[in-house]
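Per-entry structural report
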Amino acid sequence: MIVGVDIGTSVTKAQLISRDGRTTPAHEARSTVYTLPGQRVEQDLDDVVGTVETVVRAALADAADLDGEPVEALALTGQGDGLWLRDATGAPVGRALSWMDGRAADRLDKWTADGTLRALHRRTGVGLFPGSAAPLLAHLAEHEPERLAAAHVAGYCVDAVVQRLTGAVTVDASDASQPFLDVATRRYDETALDLCGLTDHRGLLPDPAPPGARALTDDWLAQRFDETSPSAEKVAAIRGYEN
């Protein structure tokens, strides 16, 4: 069975799912969403990681309800978009900018007027909104360049949690496709970055995980959670990326 985790904007949930489709009740933990002046909406990565750890421990404690079936993986899904800056250790570089953040609305209006959005759509096939990574990165590059200079990774919620739990630096292709990834080649489109004025920050974008990738193996979950669940000693991997 797997531990399925959904990292929502305000609530994180987890439950066990067996190979034959049986499930345990879902456990929930609330995250704090900071709504601030200037259309800013932010979250704290430490808080979000804490909710994941809380619900995973609670879910693992239910293993006996599924006849002690071995736990094989931790599967993560979660909110997309926004901007979750981290340093090389996975520590947050300031609070994460939520997908609901509106501070870059003016930037998006400018890109609409000057044709940048249309040209970007021709390159990668996506549309943008103020809480997308591209306008948020451009906003920080203009107004808070020191934050980008301090960052090692510019990613999203799920890959930020994966890095904190395992040390792996990667990103799901579906997240990376908004807006810089060429989904056919699974490589970043350098022209798309240039259109947004973000070529100098290409190094912040992690390479997308290959299909079916596992972020870590070798009893990782047992080592992290064995103090709360005997069943965790049978866990093989954390799985975050399937597309």
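What comes next is a walk through the structure. As the structure is a computational prediction, the values presented were derived from the model and not from experiment. Residue numbering note: each chain is counted from 1, following its sequence as written. Residues qualify for local features only when their pLDDT is at least 70, as the model is predicted, and side-chain atom pairs are given and counted only at 80 or more; totals for whole chains, interfaces and linings, by contrast, use all residues. The side-chain values count all of the structure's non-hydrogen atoms but skip hydrogen atoms and water molecules.

Moving on, we get to helix H1 (residues 45-60). Here a strand is any run of E in DSSP of at least two residues, a helix any run of H or I of at least four, and the numbering for each starts at the N terminus. By this rule the span expected of a helix is its residue count minus one, scaled by 1.5 Å. Between its first and last C-alpha, H1 extends 23 Å over 16 residues, near the 22 Å set by a 1.5 Å rise per residue. Relative accessibility decides the category of a residue: with a 1.4 Å probe and only protein chains considered, values under 20% of the type maximum give buried, values over 50% give exposed, and everything between is partly exposed. Within H1, burial applies to Leu45, Val48, Val49, Thr51, Val52, Glu53, Val55, Val56, Ala59 and Leu60. The distance from a side-chain oxygen at the start of H1 to the backbone nitrogen of aspartate 46 is 3.0 Å, and the residue carrying that oxygen is aspartate 44. Any N or O atom pair separated by 3.5 Å or less is treated as a polar contact, with the protein-specific requirement of one donor-capable and one acceptor-capable atom, and with residues adjacent in sequence counted only for side-chain atom pairs.

Glancing now at the environment of valine 56. By the element assignment, valine 56 lies in helix H1. With 52 residues separating them in the primary sequence, valine 56 and glycine 4 have C-alpha atoms 8.5 Å apart.

Mapped onto the elements of the fold, threonine 24 is located in the loop between strand S2 (11-17) and strand S3 (27-30). Residue classification places threonine 24 among the buried residues on the basis of a relative accessible area of 3%. A polar side-chain atom of threonine 24 sits 2.9 Å from the main-chain amide nitrogen of leucine 16. Setting aside residues no more than four positions away along its own chain, threonine 24 makes contact with Gln15, Leu16, Asp62, Asp65 and Leu66. Two residues qualify as a contact provided that any one of their heavy atoms is within 4.5 Å of a heavy atom in the partner residue.

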